[in-house]
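Remarks on the overall topology
Now for the letters of each chain:
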Amino acid sequence: MNQRALRTRPQADHEHVSRISTGTVLFIITATAVTVYELQLVLIPFVLAGVISYICAPAIAWASARAHLPRLLVSVVAFLVILAFGAVIGLLGIPPLAREMTHTATDLQGTLNRLAAALIDGDTVNLLGQPMDSHQLAAGIDQAVRNWIGNARVLSVIAGSVFVAGFGFLLTLVLLFFFMVSGPSIVQGLLWLVPPGERPLIEDHILVQVDPVLRRYFIGVVAVVCFAAAFAYAGLGLLLGVPHAVFLALITGLLEAVPVLGPAIAATLAGLVAIQHNSELSAIIGYAVYLTALRLLIDQLFGPVVLGAASRVHPALVIFCFLAGGTLFGVVGIVIAVPVALIIKATLSALYDEPASGLPLRKD
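All of the points below concern the structure found in this document. Since the model is a prediction, treat every value here as computed from it, not as a measurement.

1. Some remarks on the overall build of the protein
Of the regular secondary structure elements, the protein holds twelve helices and two strands. Taken from the N to the C terminus, the helices and strands of the protein come in the order α-α-α-α-α-β-β-α-α-α-α-α-α-α. Burial status across the protein gives 32% buried among its 364 residues. By sequence separation, contacts in the protein at least 24 residues apart represent 70% of the contacts at least 6 residues apart. Total accessible area on the protein stands at roughly 21500 Å², and carbon and sulfur atoms take up 73% of it.

Rendered as structure tokens:
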């Protein structure tokens, strides 16, 4: 908006700010932060399902209006499409990946021998004052890993984590179905918690500004996911010749939607397959170069720039939100950090009757 347009706009009266006291705002922020911190693990399925259903909501509304079909029917079809897409990826990728993981686990020392031989190249290393060649180093690592996995406490933690992950996945699917089918009624139920006198402020001012900002941000997330998948396929499949490159590229792209934790899981999976396929030093260096280039491009350039441009915030703020959210609230904080910052920005803009840039309206 140009300066002439700003000058011709009516003077802001800031009437909305007078309705909400500073104490009320501080209480809401504190209560929300404490709740999220205490319920981090519980909130993960709700957050993931809510984000996916929110992204799909415009497409569902458009398809329902275009085809003159009930929203319920279109929502069910959209959920089944998402479920089918995930099933196809799983059926195509999980069996061969499971075979690779099983082979790596059963022949762990052989894999470590090849890896150590490629890194040491016939020399010896001095580990804690003890000279070791590649075979001794591989045997020591293999024994340490087996002792660690054989520990009863570690086994219980792994089993518990697998159970929680499986339960969380199923819960996410159930919640996704409910959110996609009854999203508008859930929003109305949340608005019912707001005092009647304040509902026009929320519906007519804050939500009107928040919704398009969040849409643009999640469109940027989709762009980052597509870029990560394309770059991963080019690096793993075309340059390195890693098996199952299509599946690994899709997993890399999808996990990129979960900052920090997702890329680490994707890199570990791709690294295990790459080492099992080719453990020569040149292949290891090639994978390290690919992984470094991927992380630099997405974490320091493409991701912050695209997400910042889509949500119209500075890339530095995007990076800070990811780091601060992950430090304070774990996975949930990583996922919701930037959206929460955008909601706060849009809310303050509506309350202050000022543009989202934070600059006050100019008067003649």
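2. Let's talk about the pattern of salt bridges
Between side chains of opposite charge, pairing is possible as soon as their charged atoms come close. Evaluation of the coordinates by the stated rule reveals two salt bridges. For R215, the salt bridge goes to D211, with nearest N and O atoms at 3.3 Å. Of this pair, R215 and D211 both sit in helix α8 (residues 199-239), four residues apart, which is roughly one turn of the helix. Between R295 and E256 there is a salt bridge whose closest N-O contact spans 2.6 Å. With R295 in helix α11 (residues 281-311) and E256 in the loop between α9 (245-255) and α10 (261-277), this residue pair connects regions lying 39 residues apart in the sequence. Here R295 matches E256 in class, with each residue buried.

3. Points about empty space enclosed by the protein
A complete count under the given rule lists one cavity of 30 Å³ or more for this structure. Approximately 50 Å³ is the volume found for the largest cavity. T252, E256, P263, A266, A267, A270, Y287, Y290, L291, L294 and R295 are the residues that line the largest cavity. Breaking the lining of the largest cavity down by element, the ones donating at least two residues are α10 and α11. The element that contributes the greatest number of residues to the lining of the largest cavity is α11, accounting for five residues. Taken together, the residues of the lining of the largest cavity sort by class into eight nonpolar, one polar and two charged.

Cut-off values and rules
- Residues numbered from 1 in each chain as written.
- Predicted model: local features only at pLDDT ≥ 70, side-chain atom pairs only at ≥ 80, totals over all residues.
- Heavy atoms only, no water.
- Helix = DSSP H or I, 4+ residues; strand = E, 2+ residues; numbered from the N terminus.
- Buried < 20%, exposed > 50% of the residue type's maximum accessible area, 1.4 Å probe, protein only.
- Contact = heavy atoms within 4.5 Å.
- Areas by Shrake-Rupley, 256 points an atom, 1.4 Å probe, with all protein chains shown as cover.
- Salt bridge = Lys/Arg side-chain N within 4 Å of Asp/Glu carboxyl O.
- 1 Å grid on protein atoms, 1.4 Å probe; cavity = no way out; pocket = protein on both sides within 12 Å on 5 of 7 lines; lining within 4 Å.
- Points joined across faces, edges and corners; volume = space filled by probe spheres on them.
- Nonpolar A, V, L, I, M, F, W, Y, C, P; charged D, E, K, R; others polar.

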